[in-house]
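# Architecture at a glance
As a plain string of letters, each chain reads:
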Amino acid sequence: MIHAPISNELFSRAQHSIPGGVNSPVRAFKAVGGNPRFMVSAKGAYMFDEDGNRYIDFINSWGPMILGHASEVVQDAVQKAIPNSLSFGAPTRKEIEIAELIISMVPSIEKVRMVNSGTEATMSAIRVARGYTGRDKIIKFEGCYHGHGDSFLISAGSGAITLGVPDSPGVTKGTANDTLTAPYNNLDAVKTLVEANKNQIAAIILEPVAGNMGLVTPAEGFLQGLRDLCDQEGIVLIFDEVMTGFRLAPGGAQELYGVTPDMSTLGKIIGGGMPVGAYGGKKEIMDYVAPAGPVYQAGTLSGNPIAMAAGMAMLTYLKENPEVYTQLNNITDKLVKGMQQNMQQLGATFTINRVGSMFSIFFTDQPVTDFESAKTSDTALFGRYFNAMLQKGIYLAPSQYEALFVSTAITESIADQYIKANLEALQESI
Ligand code: KE4
């Protein structure tokens, strides 16, 4: 039995100084019950909490720790950068080098601007698309999450749906009116919106593989259909690859599926665990960004030398060692096969969606292809399963509406431990 009295005490203390006791809502375990574990350290596949409990981590900081926690690759680069001061607020060579590296890895990017989070990246990308097209409206998809920018908190996934506020208070009617939504994988619904808002839509933004309603893959022809529609209508197609970028392939989902957006947004892995986001795309669009063009966007710590050192080390390693993706895919194959065997043994017919080293178990027997089908999942059962796995030292995302991320630190024997725990947790929860 895993006990966490210190975490429990810290969580109640945190309530007095931090809203909900956490600095990001999904961490609060609200959707699954129980109290979050306060972590003190992590190495490779393992995280350690204040009570000395050890967990095998399948969140990996929500994606960034693709090489496992505290990988020498990133740690050494950061240690080396620290003595040179933490921030200059002036341009540095490293920012050019990482921009050139990103351009060499991501098919759609001819120019890129560094920011400090995925939210900043997506907020900036739609502003630029609006400035470039002179149009106001955007289309997003139900269940997709693009950070907490006002324009995106409409039918939003991730923590927003987890906490039951997919349309958050505080977003003005004017902002909400400029955000149109369609069901994921429903090209006809998008075409209807475009027809009804002729020449008013600046951008269509989506997760090319959705990870924020649980994992949902693009249907055959969906991404290409959006590409063709945007070409016909002069709409900017934005792939939000904050999760999938550098995760599903060196060039992200756009490399995997062979569809090139006009702009891409990036985060998570790009910073190797440091606060980094980026947006980029066609030169003719990106040259609208100040000071090259009229669309304003700025950031005190954008391109921060420590964050750039971490990101540069991470991306360089991934580019120079593409076999990492084969390794990640093989170990994820093993995990998925093990879970499917467990379900067969139990006579359970839950749905597993998976792309590369990302996967989700939906506690529903329906195929999960969009937000509505994701919401047929039994979230109470998910909560019981989550806590049963936590008790077995397996650290999963504390929400049905999230994806899991495998790191290269997940070995065959760790995968066996996960599969064994999965069987026992299912037996206890069903
Ligand atoms: P951040 O602002 O949290 O760095 O990135 C926002 C964002 C943008 N786009 C996509 C596709 C994302 O998945 C995210 C953030 N992902 C969530 C996990 N579902 C972050 C976890 C959290 O909110 O604490």
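Residues numbered from 1 in each chain as written. Predicted model: local features only at pLDDT ≥ 70, side-chain atom pairs only at ≥ 80, totals over all residues. Heavy atoms only, no water.

### Looking at the overall build of the chain
Counted only if it meets this: Secondary structure elements follow DSSP: runs of H or I no shorter than four residues count as helices, runs of E no shorter than two count as strands, and numbering proceeds from the N terminus. Both definitions apply: the radius of gyration is a C-alpha atom measure, and the globule rule equals 2.2 Å times residues to the power 0.38. Relative accessibility decides the category of a residue: with a 1.4 Å probe and only protein chains considered, values under 20% of the type maximum give buried, values over 50% give exposed, and everything between is partly exposed. Contacts are residue-level and defined by heavy atoms, with any inter-residue pair within 4.5 Å sufficient. Per-residue and other accessible areas were derived by the Shrake-Rupley procedure at a 1.4 Å probe size, with only the shown protein chains allowed to occlude residues.
Along its length, the chain carries 15 helices and 14 strands. The globule rule puts the C-alpha radius of gyration for 430 residues at 22 Å, and the 21 Å found for the chain is close to it. Viewed in the frame of its principal axes, the chain has a C-alpha envelope of about 60 × 55 × 45 Å. Evaluated residue by residue, the chain yields a buried proportion of 58% over its 430 residues. A sequence separation of at least 24 residues applies to 72% of the contacts in the chain between residues at least 6 apart. Here the chain displays about 17,100 Å² of accessible surface, and carbon together with sulfur accounts for 52% of that area.

### With respect to the domain arrangement of the chain
A common measure of how large an interface is: the accessible area buried when the components associate. Let me state the cut-off plainly: Start and end points for every domain follow an automatic or database-based domain assignment. Note on terms: buried area is the combined drop in 1.4 Å-probe accessible area of two parts once they are placed together, counting the loss on both. The rule for a salt bridge is simple: a side-chain nitrogen of Lys or Arg has to be within 4 Å of a carboxyl oxygen of Asp or Glu.
Per the domain assignment, the segments of the chain are domain 1 (5-70 + 322-429) and domain 2 (72-320). Relative to domain 2, the C-alpha centre of domain 1 lies at a distance of 25 Å. Facing the 37 residues of domain 1 at the interface are 40 residues of domain 2. Summing both sides of the interface, domain 1 and domain 2 together bury roughly 3,100 Å²; the carbon and sulfur share of this comes to 68%. Of all residues in domain 1, Tyr-325, Val-355 and Phe-371 bury the most surface against domain 2, accounting for 23% of the area lost on that side. Across the contact surface, domain 1 and domain 2 share one salt bridge.

### Structural notes on the site of the ligand
Our working rule: One heavy atom within 4 Å of a molecule or strand is enough for the residue carrying it to be called near that molecule or strand. Under the convention adopted here, Pro, Cys and the residues Ala, Val, Leu, Ile, Met, Phe, Trp and Tyr are nonpolar, Asp, Glu, Lys and Arg are charged, and Gly plus all remaining residues are polar.
As a structural note, the neighbourhood of the ligand is formed by 17 residues, with Ser-24, Thr-119, Asn-212, Asp-240 and Glu-402 the closest of them. Taking 540 Å² as the accessible area of the ligand by itself, protein coverage stands at 87%. Broken down by class, the residue content of the shell around the ligand amounts to five nonpolar, eight polar and four charged. Looking at which domains feed residues into the shell around the ligand, each of domain 1 (5-70 + 322-429) and domain 2 (72-320) supplies at least three.

### Some details on the UniProt feature "modified residue: N6-(pyridoxal phosphate)lysine" (unreviewed entry) in the chain
The criterion, for reference: UniProt positions are given in the numbering used here, feature names are shortened, and annotations may be inferred rather than shown by experiment.
Under the UniProt annotation, the feature "modified residue: N6-(pyridoxal phosphate)lysine" (unreviewed entry) is placed at Lys-268. Secondary-structure assignment places Lys-268 in the loop between strand 9 (263-266) and strand 10 (277-281). Those residues within four positions of Lys-268 in sequence are excluded, and the remaining contacts are Trp-62, Pro-64, Val-242, Met-243, Gly-273 and Val-276.

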